[in-house]
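Each chain, written out:
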Amino acid sequence: MSLVGSYVALSKPLAAAFPVFVLAWLRFGIGGLAMLHWLRKPFGEAPMTPQTRRLLFLESFLGNFLFSLCMLFGVSLTSAVAAGVIMAAIPGAVAVLSWAFLRERVAPRTWVAVACAIGGISLLGLARGGPGPAQGHAWLGNLLLVGAVLCEASYAVIGKKLTGVLSPRRITALINLWGFALVTPLGVWGALRFDFTSVRPGLWLLLVFYALAASVWTVWLWMTGLKTVPASQGGVFTVMLPVSAALVGVFVLGEPVGPLQLAAFGLALASVLLATLPLRRASQR
C-alpha cells in the first residue's frame, strides 16, 4: 500500500502526457511482458475450477479496470476533500465484506484500527483541500468514488479467496492478463489518435516503473500477505496509500505540510499498530 501511494503520486506527469486509456493499456502490457513466466501452472497446483476462473475475472474487472475508471472520473467531478473522506471508507468496507462473505471474525481491536484509519485519512483529505466540485456534478463524482471504495474492498476480499487455491505469482499474472484484455479496445482506440513522439524519454522510464509497480510488485506483495493475514485486517493497511502519497508530495514534489497532516499521519500509524498487535501476540502464544 505504501508503494501504491508512491506511484500514484509520481504518476501525475504520466497522466498529463498520456490519455487515460492509453496509459492503462501500456501499464498492463508492460506488466504482462514482465510476468509471462508466471502464467505457467506450478507443479502440484490443482486445475482451476469454474468458480476460480470467475473469481479471477471479477478480481481484475473490479480491482483493476472498474476501480481505475471510478477513481479517475470521480475525482474529476468532485472536490479533493470529498475524495479523501470517501476513500477513507476502504478499510471499513473491507472489514464488513470480510465479515459478510468470508465469515471472518472482526476483533474489537480491528474495529478501533479501522476507526483510526478512517479518522486519519479524513484529516488528510481535509488538510489537502483542493478545487471545488464541478457545478451540478459533485453528486455523481461522490457516487463514483463510493463505487471505487466497493471495488477496492471487493478486490481485497476476492484476493483472500484466490490465495487459498492459487499462488500469489499466478494470481498476479492472470488478473493482469484480464486487465489487458479488458482495456485493449479502448487503449488501441486512444493509441491510434495519440502522438507517441511527443513523450519525453524520461517519461518512458517513469512509465516502466509505474507499470511494474502497479501490475507486478504491489499485487504480488498484497496477495502474498493475504495468504497469512485476514482480509479484514489487511484492509486496514490501505491507510498507507494516501499517507505515502502525501509524503511523496511533501518530500519529492515540495507540497506544504501542516498540523492536520501530522495528526493524520499519527492516526494512520496508530491504526497499523492496532491491526498488527493481535497477530504478534497470537504468534507468541
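Structural data are supplied above this passage.
All figures in this text were calculated on a predicted structure; none of them were measured in a lab.

Draft legend 1. Summary view of the overall build of the protein chain. A count of helical and extended segments in the protein chain gives 13 helices and 0 strands. Along the protein chain, helices and strands appear, N-terminal first, in the series α-α-α-α-α-α-α-α-α-α-α-α-α. Put simply, the protein chain has 285 residues, and 47% of those count as buried. Here the contacts in the protein chain between residues at least 6 apart in sequence split such that 91% fall between residues at least 24 apart.

Draft legend 2. Main features of the layout of surface pockets. In this structure, the second largest pocket spans a volume of roughly 200 Å³. Along the lines of polarity and charge, the residues of the lining of the second largest pocket split into 7 nonpolar, 3 polar and no charged.

Draft legend 3. Local environment of helix H10 (residues 201–226). For H10, spanning 26 residues, the distance from its first C-alpha to its last is 37 Å, which sits close to the expected 38 Å at 1.5 Å a residue. Where H10 bends most, at Ala213, the angle is about 40°.

Draft legend 4. Local environment of the packing of aromatic side chains. This structure, assessed with the given rule, holds 9 aromatic pairs. Look at Phe57 and Phe61: their rings are 5.7 Å apart centre to centre, the planes differ by 10°, and that puts the pair in the stacked class. In this pair, Phe57 and Phe61 both sit in helix H4 (residues 50–77), 4 residues apart, roughly one turn of the helix. Overall, Phe57 belongs to the partly exposed group, its relative accessible area being 28%. Take Phe61: its relative accessible area is 25%, and that puts it in the partly exposed class. Cluster of aromatic residues (ring-pair linked, three or more members): Phe18, Phe194, Phe196 and Trp204.

What counts, and where the lines are drawn
- Residues numbered from 1 in each chain as written.
- Predicted model: local features only at pLDDT ≥ 70, side-chain atom pairs only at ≥ 80, totals over all residues.
- Heavy atoms only, no water.
- Helix = DSSP H or I, 4+ residues; strand = E, 2+ residues; numbered from the N terminus.
- Buried < 20%, exposed > 50% of the residue type's maximum accessible area, 1.4 Å probe, protein only.
- Contact = heavy atoms within 4.5 Å.
- 1 Å grid on protein atoms, 1.4 Å probe; cavity = no way out; pocket = protein on both sides within 12 Å on 5 of 7 lines; lining within 4 Å.
- Points joined across faces, edges and corners; volume = space filled by probe spheres on them.
- Nonpolar A, V, L, I, M, F, W, Y, C, P; charged D, E, K, R; others polar.
- Expected span 1.5 Å × (residues − 1).
- Bend = angle between axes of the 7 residues up to and from the residue.
- Phe/Tyr/Trp six-rings, centres within 6.5 Å; stacked < 30°, edge-to-face > 60°.

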